[in-house]
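Residues per chain are reported as follows:
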Amino acid sequence: DRLQLDGKVAYVTGGGQGIGRAFCHALGEAGAKVAVADLVLAKAEAVACELRLKGIKSIAIAADVSRPEDVQRMLATIVDKWGTVHIACNNAGINMNSPSEATSLEEWDKTFNVNLRGLFLCCQAAGRIMLNQGYGKIINTASMASLIVPHPQKQLAYNASKAGVVKLTQTLGTEWIDRGVRVNCISPGIVETPLIHSEELKPLVQCWLTDIPAGRLARVTDLQAAVVYLASEASDYMTGHNLVIEGGQSLW
Ligand code: NAD
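Not measured: the values here are computed from a predicted model.

Caption draft 1: Structural context of the sheet that holds strand β7 (residues 242-245). The strand order β3-β2-β1-β4-β5-β6-β7 describes an open sheet built from seven strands, whose pairing is parallel. Lying at the two open borders of the sheet, with one neighbouring strand each, are β3 (58-62) and β7. Pairs of neighbouring strands in the sheet enclose a mean axial angle of 15°, with direction left out of account. Sheet topology note: the strand β4 (residues 87-90)/strand β5 (residues 136-141) ladder contains four bridges and is parallel. Bridge pairing in β5 links C89 to I139. Each of β1 (9-13), β2 (33-38) and β3 is contacted by helix α3 (residues 68-82), which is oriented at about 155° to β1, the strand it contacts most.

See below:
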């Protein structure tokens, strides 16, 4: 079965909740050992614990992906524990909202530090190990916002950073494939999170729904098979690809 991940070592950044947590479960259920990395150690530990309860080998690591020393330590911990890394899910990302004329330099820098600098650091550090062994799968989390400008959000820094994720993925994906390392990204549409059911967000959700041909928001379960596919041998001929999972929203 070419979708099996038995014997593979994976990590997921931002694995402590949301999409990252769902990725951890999916990779673990497909057979991989999973290092759950998050800015907040307690969240990573909770997810690692959920995985171990399912019989999946898992560790938790505290790491801020925007800090080179944290990224180095994350990979050293994984290599120390399991010998190497085969699957890198660079998923940590942040999202802020402001009219562009009021976007502060602080918001811009923070967004780019996590969403793009963090991704560069993780891709490079994991990539070096993967190039050395002649095998690896890197899966970055981009966003539908890399393709369209989701209405009515005001997310200049976020949208620009996610477009950057796609170009970084394309560049690495073509540069490294002849040495056995594939780099792809997943672009989710708007994902249903607990926050979305708040009274405050109700009008916004109604507005989004009119933009989505599928008639509903995405669920993390809509993304899980995609990460397993991109992590597995079944996708060996894919690289630099942006796998868009948005219920058709980017086409309307
Ligand atoms: P989330 O906010 O629910 O979870 C993000 C996790 O990342 C948190 O556990 C947080 O502690 C961690 N994190 C934040 N900054 C970090 C850092 N510097 N280093 C390490 N970990 C850090 O987010 P989510 O909705 O699950 O989104 C995950 C990814 O998917 C992000 O890249 C996001 O941009 C992208 N995305 C989300 C949506 C959506 O609708 N939720 C849509 C498209 C793309």
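Text resumes after the structure shown.
Caption draft 2: Layout of helix α5 (residues 156-176). Over its 21 residues, α5 extends 30 Å from the first C-alpha to the last, a length consistent with the 30 Å expected when each residue adds 1.5 Å. The complete set of buried residues in α5 reads L156, A157, Y158, N159, S161, K162, V165, L168, T169, L172, G173 and W176. The inward-facing, buried residues of α5 abut α4 (105-133), β5, β6 (181-188) and β7.

Caption draft 3: Spotlight on the nonpolar core. One finds A10, Y11, L27, V36 and V227 to be the most contacted residues of the largest nonpolar core, which totals 64 residues. Element by element, the count of residues in this core is highest for α4, at eight residues. Not counting chain neighbours up to four residues away, the residues in contact with A10 comprise L27, A32, K33, V34, H86, I87, C89 and A231. Of all hydrophobic cores here, the second largest spans six residues; its members include M144, A145, L156 and V244.

Caption draft 4: Region of interest: the site of the ligand. Neighbouring residues of the ligand: 28 residues in total, closest G14, G18, I19, G93 and V191. Listing elements by their share of the shell around the ligand, those giving two or more residues are α1 (18-29) and α4. Element by element, the count of residues in the shell around the ligand is highest for α1, at three residues.

Caption draft 5: Representation of the confidence of the model for the protein within the structure. On average, residues of the protein carry a pLDDT of 97, and 100% of them reach 70 or more. Among the scores for the predicted complex, ipTM is 0.99 and pTM is 0.98.

Caption draft 6: Examining the pairing of β7 more closely. On β7, burial follows the alternation: N242 and V244 on one face are buried, whereas L243 and I245 on the facing-out side are not. Bridge count for β6 against β7 is four bridges, and the pairing is parallel. Among the inter-strand pairings, I186 is bridged to a residue of β7, identified as L243.

Conventions adopted
- Residues numbered from 1 in each chain as written.
- Predicted model: local features only at pLDDT ≥ 70, side-chain atom pairs only at ≥ 80, totals over all residues.
- Pairing = 2+ DSSP bridges.
- Helix = DSSP H or I, 4+ residues; strand = E, 2+ residues; numbered from the N terminus.
- Axes fitted to C-alpha atoms, helices over the stretch in contact; angles between N-to-C directions.
- Contact = placed C-beta atoms within 7 Å.
- Expected span 1.5 Å × (residues − 1).
- Buried ≥ 20, exposed ≤ 12 C-beta atoms within 10 Å, placed from the backbone.
- Core = buried A, V, L, I, M, F, W, Y, C linked by C-beta atoms within 7 Å.
- Near = placed C-beta within 6 Å.
- pLDDT = per-residue confidence, 0-100.

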